[in-house]
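# Reading the structure
Here are the chains, one letter per residue:
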Amino acid sequence: MSVSFPHLSIHLSESSIAPSTSLLPGAAINFQSLRGSSQLLPYAGAGNFCQRLCGLKLRILKRLNIYHPNRKQGPSNDYKSIRNQDKDQSENPSRNLANDGQFSEAASTMSLANDSEAEHTEATSPPKESSLPSSQTGIAGKPGISCDSPSSSNLKAYDHHRGPSLCIAVIGATGELARKKIFPALFALYYSGFLPENVGIFGYSRKDLTDEDLRSLIASTLTCRIDHQQNCADKMVAFLSRTYHLNGGYDNKQGMSKLNARMEQIEGGYHANRIFYLSVPQEALLDVASSLANNAQTKKGWNRIIIEKPFGFDALSSQKFTKSLLSNFEEKQIYRIDHLLGRNLIENLTVLRFSNLVFEPLWSRTYIRNVQVILSEDLSMQTGRYFDGYGVIRDIVHSHMLQTIALLAMEPPISLDGEDIRNEKVKVLRSIRKLEPSDVILGQYKATSGDKVDVSLSSLTPTFFAGALYIDNARWDGVPFLIKAGVGLIKHRVEIRIQFNHVPGNLYRERMGHNTDLATNELILRDVPDEAILVKINNKIPGLGLQLDASELNLLYKDKYNVEVPDSYEHLLLDVMDGDNHLFLRSDELAAAWSILTPILQEIDQSNIAPELYELGGRGPVGAYYLWAKHGVRWADD
């Protein structure tokens, strides 16, 4: 026998309902649990049967949290909850009713006393408008039995009053990052339907603000994209009405307890998951995280925390930081975010490699001559407030550049699951050869008080880094991976250039001129200034005679796709909600990255190596050109 609900289907076999009782064909049968016994016996009355089944449905939906009447039907798809169901349950062992065996046990042990109590309590709730149709199919699709009963009214009241299924707390809500990036990204997701309409957004700070004060503070930063202008004002009002502020004071333990109480008040006692975005200074991070773990985590859903870079100062400090985090959280709860990894270019790396036969066979030392990863920022890009003391190595190279190389060079994972991808990334990081000081160029821009940049940098703080890395494995042995990362340069450019080997015994060598490097095939993945995929090939110039030219096959995204690209914070926040962690650093990846860079950092500190100065708005240190030439690589034109 089957019982079907709009969101749930249960198959009841004869053996599971009444092992010692045979079912009579055509009989209307209801089942009632006896006190002190797990065996179910038949009890006549089809109407009562339907009422009890609707009551059972109500309790099941409450426990499983799969019915969201106010959620916009669209992209959210319950945050891909079906795909991540097992992952969410493992993050919170108390949430395990979705397990088939446990669900069966819970359904079979509901007693008559609980049924009566639940029905009495829910029947006293005021009736509300329901999203369910007034007439529904009863048992096994038969129209003769309807569930238009008091239990159906109870479900309507529950639908209207249930609290948010997701709460997001931004710790450090009045900071620049929260105001300019995090809250606008959350609103963009809310407008697009990727957040539930009744989501709870909590801002936590040490300032004495009301809810309205916080709403006024962030309202000016919320905008709708060009393709999302319809009902923008209404959506903004709805989003701000779901935003609350809490003054945590200077005692984080008390503050987190107050945050938990406020979140529970808004959640209304219902099942809800929680995300905590720790947008706080590095020196306060451990105390905030520890206080949060002990005082603000929910027991009625999963908890996830987002941590901003930099992730430590060196290998030792990062190890202590990681140890402290793992003493309070499980690895799968921790999301170390680097907004540069949320760019479409990074997500496209694995797509290009593993979904196009034309590239994957060429992806090795047999065909690839060198790889260049370039991130240069011009004067319009301001350095972060923590840049001094951390510099470009800890801020950009440690996470973004090394993660890009890991995604580019890794072996095919067994699946697209985040852990499978992370397993392959960490293998690449552990295979990178020790970085020698002779393979590194450090630079610092020369700035005056009139320049719109940080002029208070230490004389040893690098704002430019160029390095040559080698991966000692069978696929990439001998192929240089060259990194260039700098600020205050002539042009804002973010791209990956993959140069291929020369054609052996090329018949057209004499017609390519003296510089055969100009005729090298290249694959260019560009994010800035204009996102594009370029393939550089050699072709014949039309006309009489035989003249060759190096041309680019160009896929310019703005010409191909008439859409506005979401901000990287939107992408990464959605990944956190979905439980997709492949773009976030795991603890072993973090340690492997520090093992590559720590020797260089120690050499800088111990030997007081001063970076080479370069003109603000220029092309960077001259030494970078010599480094490229040393490894037989033509410098990409600026």
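Residues numbered from 1 in each chain as written. Predicted model: local features only at pLDDT ≥ 70, side-chain atom pairs only at ≥ 80, totals over all residues. Heavy atoms only, no water.

- Under the annotation held in an unreviewed UniProt entry, the protein chain carries the name Glucose-6-phosphate 1-dehydrogenase and is attributed to Corchorus capsularis.
- Recorded in UniProt under Catalytic activity (unreviewed entry), the annotation for the protein chain is "D-glucose 6-phosphate + NADP(+) = 6-phospho-D-glucono-1,5-lactone + NADPH + H(+)". (UniProt positions renumbered as here; feature names shortened; annotations may be inferred.)

### Comments concerning unusual backbone geometry
- Residue Pro 310 is reached from Lys 309 by a cis peptide bond, and omega for that bond is 0 degrees.
- For Pro 310, the position within the fold is in the loop between β9 (303-308) and α13 (315-328).
- With an omega of 10 degrees, the peptide bond running from Val 528 to Pro 529 counts as cis.
- Following the sequence through the fold, Pro 529 ends up in the loop between β16 (522-528) and β17 (532-540). (Helix = DSSP H or I, 4+ residues; strand = E, 2+ residues; numbered from the N terminus.)

### A word on the pairing of strand β6 (residues 200-205)
- Within β6, six of the six residues are buried, which leaves it mostly tucked inside the rest of the structure.
- Residues Gly 200, Phe 202 and Tyr 204 of β6 are buried on one face, and the alternating residues Ile 201, Gly 203 and Ser 205, pointing to the opposite face, are buried as well.
- When strand β5 (residues 166-171) meets β6, the two strands line up parallel, connected through five bridges. Each residue of the ladder has a partner; that of Ile 168, found in β6, is Ile 201. (Buried < 20%, exposed > 50% of the residue type's maximum accessible area, 1.4 Å probe, protein only. Pairing = 2+ DSSP bridges.)

### Focus on the state of the cysteines
- Within the structure shown, the criterion is met by one disulfide.
- Across the disulfide from Cys 224 sits Cys 232; the S-S distance is 1.9 Å. When the S-S torsion is 90 degrees, as for the bridge of Cys 224 with Cys 232, the disulfide is right-handed.
- Accessibility expressed as a relative area gives 14% for Cys 224, which makes it buried. (Disulfide = S-S within 2.5 Å.)

### Here we look at a nonpolar patch on the surface
- Together, Leu 507, Tyr 508 and Leu 546 make up an exposed nonpolar region whose accessible area comes to about 330 Å².
- Residue position: Leu 546 is located in the loop between β17 and β18 (548-556).
- Using a relative accessible area of 32% as the deciding quantity, one classes Leu 546 as partly exposed. (Patch = residues over 30% accessible without salt bridge, like charges linked within 9 Å, V, L, I, M, F, W, Y side chains within 5 Å. Areas by Shrake-Rupley, 256 points an atom, 1.4 Å probe, with all protein chains shown as cover. Salt bridge = Lys/Arg side-chain N within 4 Å of Asp/Glu carboxyl O.)

### Some details on the sheet that holds β5
- Pairing in this open sheet of six strands is parallel, and the strands run β7-β6-β5-β8-β9-β10 from one edge to the other. Strands with a single pairing partner mark the edges of an open sheet, and in this sheet they are β7 (243-247) and β10 (334-337). Strand-to-strand twist in this sheet, taken as the mean axis angle between neighbours without regard to direction, amounts to 20 degrees.
- The sheet strands contacting α13 are β9 and β10, and the helix crosses β10 at an angle near 145 degrees. (Axes fitted to C-alpha atoms, helices over the stretch in contact; angles between N-to-C directions. Contact = heavy atoms within 4.5 Å.)

### Examining the packing of helix α9 (residues 211-219) against helix α10 (residues 232-241)
- Where α9 meets α10, the axes come as close as 10 Å, and the angle between the chain directions of the two elements is 140 degrees. The angle between α9 and α10 places the two elements in the oblique class. As for how α9 packs across α10, the hand of that crossing is right-handed. Of α10, the residues touching α9 (which contributes Arg 215, Ile 218 and Ala 219) are Met 236, Leu 240 and Ser 241. (Parallel < 35°, antiparallel > 145°, perpendicular 65-115°, else oblique. Left-handed = near helix turned anticlockwise from the far one by under 90°.)

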